[in-house]
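Chain by chain, the residues:
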Amino acid sequence: MVASALFQECLQDSPKFRSQLAQEESQIEILEHKLEKVLKACGTMLDSGKTFTTHQTIFTNSLWELSSSFRDVPETASHLNKIIQGLQEMNKFQSILLDQASRTVLKNMTNFIKEDIKGVWESRQHFDKISGDLDIALSRHSQVPKTKPVEIEQTNGILQATVTCFRHTVLDHVYTVSMLQARKKQEVLGTLLSYMQACNTYFHQGYDLCEGMQSFLRSLDDEIVQMRTDTSKLEKTLGERHSLVTLSDKASNDTIVQGYLFKRTSNAFKTWHRRWFCIKNNQLVYRKRTGEEHYTVMEEDLKLCSVRPSADSERRFCFEVISPSRSHMLQADSEEMYNQWIVALQQGIGNALQLVIHNSDSDKKLSSVDKSNNNKRSKIWEQLTKIPGNEFCCDCKHAEPRWASINLGITLCIGVSVFTTVK
């Protein structure tokens, strides 16, 4: 996990962040299982002195499996593989190493699992609880009618406190996961290094083998010192993580093109669901926070749409996205987000219209594209004429109008200088 790159993403609690977090936690779970397998093999080796050779093989085999967790770090995997090869060479020695193995492999890796990895799962439980509290606070805040200002103020205070708590919690959880990912290399390699150094000390019969590995061991020791130094620097850098909450608040004043909105369903129940919306390729699309890989298209073509505040809704911060054939009711989390979404949608509609104008100018030069554009305009015209009343000019009631206002979804028979032609 590249923590510095994910900090801003985690404050938004975006689907991308949730997916990356799930992947990191899955890797930690796999690492934990493989470390437990290493510990089990080492314990069996110590308990079975007479069959040490057999269980030493099991141990080294489990380390081979552990090395697969470091495939993305070739240098670390290479170091680990060299250590495993050394253990295989010393497979015939049985006794002196037992005490040192108990104080290094068993102790360090057990502590790593019980303290570091367990700390991640405890942090995850706390994160899940606060995340659930935030969802409840958002839902309650969104359901308060406009006519209850006291209740609005109460729910808003609870929501703001919950949001702040969630942001600090998610930062702490990302920090915990990131630090474990940073420490796992030095913990595993450092532990095995100590074990190998004990082998070099106590097994005089393996002197030649250990002598040949001295250069590698010294180099690895220096690298682990450097790893610890780098990890200390990372920890110091991440110590400033909570300042990102303030920076995120300052950055929230910029015009947005993505974020969470409540959308009202078109069925008879008129229920509200919170979804992640964004403007992509002149389309308004959305998806769930989890469980969906692809976006659902709400509006295929923004140039046929308009946006306006909703004065009829009992909920606050509501606005409508209107197309010639349907209307969508959406709700922002706050007045600030409401204003930003209005501006963002207006800009998106404007950009889509500018693209049509640009394509129209290009048609004069590129005859090969003319047929495609005419077909596209014909489709738009067909959509507009299907609207009841559009078979007549909305101004003079003349039959068979030849012009249209795309934003208003009406037909006219006036000059091209006022409205955009689609036919």
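Residues numbered from 1 in each chain as written. Predicted model: local features only at pLDDT ≥ 70, side-chain atom pairs only at ≥ 80, totals over all residues. Heavy atoms only, no water.

A. Spatial organisation of the overall build of the chain. From N to C terminus, the chain includes ten helices and nine strands. By the burial criterion, 43% of the 423 residues in the chain qualify as buried. Of the contacts made within the chain by residues no fewer than 6 positions apart, 62% connect residues no fewer than 24 positions apart. Carbon and sulfur atoms provide 50% of the accessible area of the chain, an area that totals close to 22,900 Å². (Helix = DSSP H or I, 4+ residues; strand = E, 2+ residues; numbered from the N terminus. Buried < 20%, exposed > 50% of the residue type's maximum accessible area, 1.4 Å probe, protein only. Contact = heavy atoms within 4.5 Å. Areas by Shrake-Rupley, 256 points an atom, 1.4 Å probe, with all protein chains shown as cover.)

B. Molecular detail of the side chain of Thr 265. On the secondary structure map, Thr 265 appears in the loop between strand S1 (258-264) and strand S2 (272-280). At 2.8 Å, the side chain of Thr 265 and the side chain of Asn 267 are in polar contact. Setting aside anything within four residues of it in sequence, one finds Thr 265 in contact with Lys 270, Thr 271 and His 273. (Polar contact = N/O pair within 3.5 Å; in protein donor to acceptor, adjacent residues only side chain to side chain.)

C. Looking closely at the packing of helix H2 (residues 15-47) against helix H5 (residues 97-143). Viewed as axis vectors pointing N to C, H2 and H5 meet at an angle of 155°, and their least axial separation amounts to 10 Å. Judged by the angle between their axes, H2 and H5 are roughly antiparallel. Helix-helix and strand crossings are classified by hand; for H2 and H5 the assignment is left-handed. Considering only residue class, the contact of H2 with H5 consists of 21 nonpolar, four polar and six charged. (Axes fitted to C-alpha atoms, helices over the stretch in contact; angles between N-to-C directions. Parallel < 35°, antiparallel > 145°, perpendicular 65-115°, else oblique. Left-handed = near helix turned anticlockwise from the far one by under 90°. Nonpolar A, V, L, I, M, F, W, Y, C, P; charged D, E, K, R; others polar.)

D. Just the confidence of the model for the chain, in detail. Model confidence for the chain is summarised by a mean pLDDT of 82, while 85% of its residues fall at 70 or above. When the criterion is pLDDT under 50, residues 251-255 qualifies, and its contacts beyond four places in sequence or with other chains add up to nine contacts. pLDDT under 50 marks residues 415-423. Its contacts with residues more than four places away, or in other chains, come to 18 contacts. (pLDDT = per-residue confidence, 0-100.)

E. Structural context of helix H7 (residues 207-238). Taking 1.5 Å of rise per residue, the 32 residues of H7 would be expected to cover 46 Å, and the 44 Å separating its terminal C-alpha atoms lies within 8% of that figure. In the structure, H7 departs most strongly from a straight axis at Met 213, where the bend amounts to approximately 45°. The set of residues buried in H7 consists of Cys 210, Met 213, Gln 214, Phe 216, Leu 217, Leu 220, Ile 224, Met 227, Thr 231 and Leu 238. (Expected span 1.5 Å × (residues − 1). Bend = angle between axes of the 7 residues up to and from the residue.)

F. Inspection of the pairing of strand S6 (residues 318-322) at higher detail. Of all five residues making up S6, four are buried, and the element is well covered by its neighbours. Here strand S5 (residues 306-309) runs beside S6; their pairing, made up of four bridges, is antiparallel. Among the inter-strand pairings, Ser 306 is bridged to a residue of S6, identified as Ile 322. Bridge count for S6 against strand S7 (residues 327-331) is five bridges, and the pairing is antiparallel. By the bridge assignment, Glu 320 is partnered in S7 with Met 329. (Pairing = 2+ DSSP bridges.)

G. Focus on the nonpolar core. If you look at the biggest cluster of nonpolar residues, it comprises 60 residues, and the most contacted ones within it are Leu 35, Phe 59 and Tyr 195. Secondary-structure elements contributing two or more residues to this core are helix H1 (3-12), H2, helix H3 (52-67), helix H4 (74-89), H5, helix H6 (149-202) and H7. The element that contributes the greatest number of residues to this core is H6, accounting for 15 residues. What Phe 59 contacts, discounting residues up to four positions off in sequence, is Val 38, Ala 41, Cys 42, Leu 87, Val 105, Leu 192 and Tyr 195. Membership of the second largest hydrophobic core comes to 21 residues, among which are Phe 277, Cys 305, Phe 319 and Ala 352. (Core = buried A, V, L, I, M, F, W, Y, C linked by side-chain atoms within 4.5 Å.)

H. Molecular detail of the packing of H4 against H6. Following both chains from N to C, one finds H4 and H6 inclined at 25°, their axes separated by 11 Å at the closest point. Considering their axes alone, H4 and H6 lie roughly parallel with respect to each other. When you trace H4 past H6, the crossing you get is left-handed. Note on element contacts: H6 touches H4 through Lys 185, Val 188, Leu 189, Leu 192, Tyr 195 and Met 196, opposite Thr 76, His 79, Leu 80, Ile 83 and Leu 87. In the contact of H4 with H6, the residues fall into eight nonpolar, two polar and one charged.

I. Main features of the environment of Ala 198. One can find Ala 198 in helix H6. As for Ala 198 and Gln 100, which are separated by 98 residues in sequence, their C-alpha atoms are 6.5 Å apart. Apart from the residues within four sequence positions on either side, Ala 198 is in contact with Leu 97 and Gln 100.

J. Seen up close, empty space enclosed by the protein. This model, assessed by the stated rule, comprises one cavity of 30 Å³ or more. What the largest cavity holds in volume is close to 40 Å³. In this structure, the largest cavity is lined by Leu 138, His 141, Ser 142, Phe 262, Arg 316, Phe 317, Gln 331, Ala 332 and Asp 333. The element best represented in the lining of the largest cavity is H5, accounting for three residues. In the lining of the largest cavity, the residues fall into four nonpolar, three polar and two charged. (1 Å grid on protein atoms, 1.4 Å probe; cavity = no way out; pocket = protein on both sides within 12 Å on 5 of 7 lines; lining within 4 Å. Points joined across faces, edges and corners; volume = space filled by probe spheres on them.)

K. Representation of H4 within the structure. Along its 16 residues, H4 runs 23 Å from first to last C-alpha, staying within 8% of the 22 Å computed at 1.5 Å per residue. Residues of H4 that are buried: Thr 76, Ala 77, His 79, Leu 80, Ile 83, Ile 84, Gly 86 and Leu 87. The secondary structure elements touched by the buried residues of H4 are H3, H6 and H7.

L. Structural detail: the side chain of Thr 76. Mapped onto the elements, Thr 76 comes out in helix H4. The exposure class of Thr 76 is buried, given its relative accessible area of 5%.

M. Main features of the packing of aromatic side chains. A complete count under the given rule lists five aromatic pairs for this structure. On the basis of an interplanar angle of 85° and a centroid distance of 6.2 Å, the ring pair of Phe 59 and Tyr 195 is categorised as edge-to-face. Taken together, the residues span a long stretch of sequence, with Phe 59 in helix H3 and Tyr 195 in helix H6 at a distance of 136 residues. Across the pair, Tyr 195 and Phe 59 agree in class, each one buried. With a centroid separation of 5.8 Å and an interplanar angle of 35°, the aromatic rings of Phe 127 and Phe 166 are classed as tilted. With Phe 127 in helix H5 and Phe 166 in helix H6, this residue pair connects regions lying 39 residues apart in the sequence. (Phe/Tyr/Trp six-rings, centres within 6.5 Å; stacked < 30°, edge-to-face > 60°.)

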